[in-house]
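# Commentary on secondary and tertiary structure
If you want the building blocks of each chain, they are given just below.
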Amino acid sequence: MEDREICHCMGVTYADIAKAMESLDDNCTDAEEAFKHVQELTSCTTGCGSCYDEVIEVISEIMDKR
């Protein structure tokens, strides 16, 4: 599952998003703030943008596991 590609335009995988989330402040509970952080590090959703919902879903899933 970690190698599943989430953003096809930028080649961003689940693992890439998880790695970007590791550098996010542990006190962050806002998915939109986390999204901006992940987007800055991975460039996900900056191509066609069709992966936005899935990226948010992955971020929320990771945040729930914290």
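Here, every reference points to the structure presented above.
Quick summary incoming for the structure in this document. Note that this is a predicted model, so its numbers are computed, not measured.

How each quantity is defined
- The numbers attached to residues start from 1 for each chain and follow its sequence in the written order.
- Local features in this predicted model are restricted to residues whose pLDDT is 70 or higher, and side-chain atom pairs enter the listing and the counts only when it is 80 or higher, whereas totals over whole chains, interfaces and linings include all residues.
- To obtain the side-chain values, all non-hydrogen atoms of the structure were used and water was disregarded.
- In DSSP terms, a helix is any run of H or I states spanning at least four residues, a strand is any run of E spanning at least two, and both are numbered starting from the N terminus.
- The quantity called the radius of gyration is restricted to C-alpha atoms. Its globule counterpart is 2.2 Å times the number of residues to the power 0.38.
- Buried means the residue's accessible area, taken with a 1.4 Å probe over protein chains only, is under 20% of the maximum for its type, while exposed means over 50%, and partly exposed covers the values in between.
- The contact criterion used is simple: two residues touch if any of their non-hydrogen atoms lie within 4.5 Å.
- The accessible surface values rely on the Shrake-Rupley method and a 1.4 Å probe; as for residues, cover is taken only from the protein chains in view.
- In what follows, salt bridge is the name for a side-chain nitrogen of Lys or Arg lying within 4 Å of a carboxyl oxygen of Asp or Glu.

Turning our eyes to something else, we now look at the overall build of the protein. Of the regular secondary structure elements, the protein holds 3 helices and 2 strands. The N-to-C order of helical and strand elements in the protein reads β-β-α-α-α. For 66 residues, the compact-globule estimate of 2.2 N^0.38 gives 11 Å, and the protein sits close to it at 11 Å. Across its three principal axes, the protein shows a C-alpha extent of roughly 30 × 20 × 20 Å. Expressed as a percentage of its 66 residues, the buried residues of the protein come to 35%. Long-range contacts, defined as pairs at least 24 residues apart, comprise 54% of the intrachain contacts of the protein with a sequence gap of at least 6. Accessible surface for the protein amounts to roughly 4,100 Å². Of this, 45% is attributable to carbon and sulfur atoms.

Turning to the pattern of salt bridges, a few remarks are in order. Per the counting criterion, the structure on display carries 2 salt bridges. The salt bridge partner of Arg4 is Glu54, with a shortest N-O separation of 2.5 Å. One end of the pair, Arg4, is in the segment before β1 (5-7); the other, Glu54, is in helix α3 (residues 52-65), with 50 residues separating them in the sequence. In this structure, Lys65 engages Glu61 in a salt bridge whose closest nitrogen and oxygen atoms are separated by 3.7 Å. Taken as a pair, Lys65 and Glu61 lie in helix α3 at a separation of 4 residues, close to a single helical turn. Residue classification places Glu61 among the partly exposed residues on the basis of a relative accessible area of 26%.

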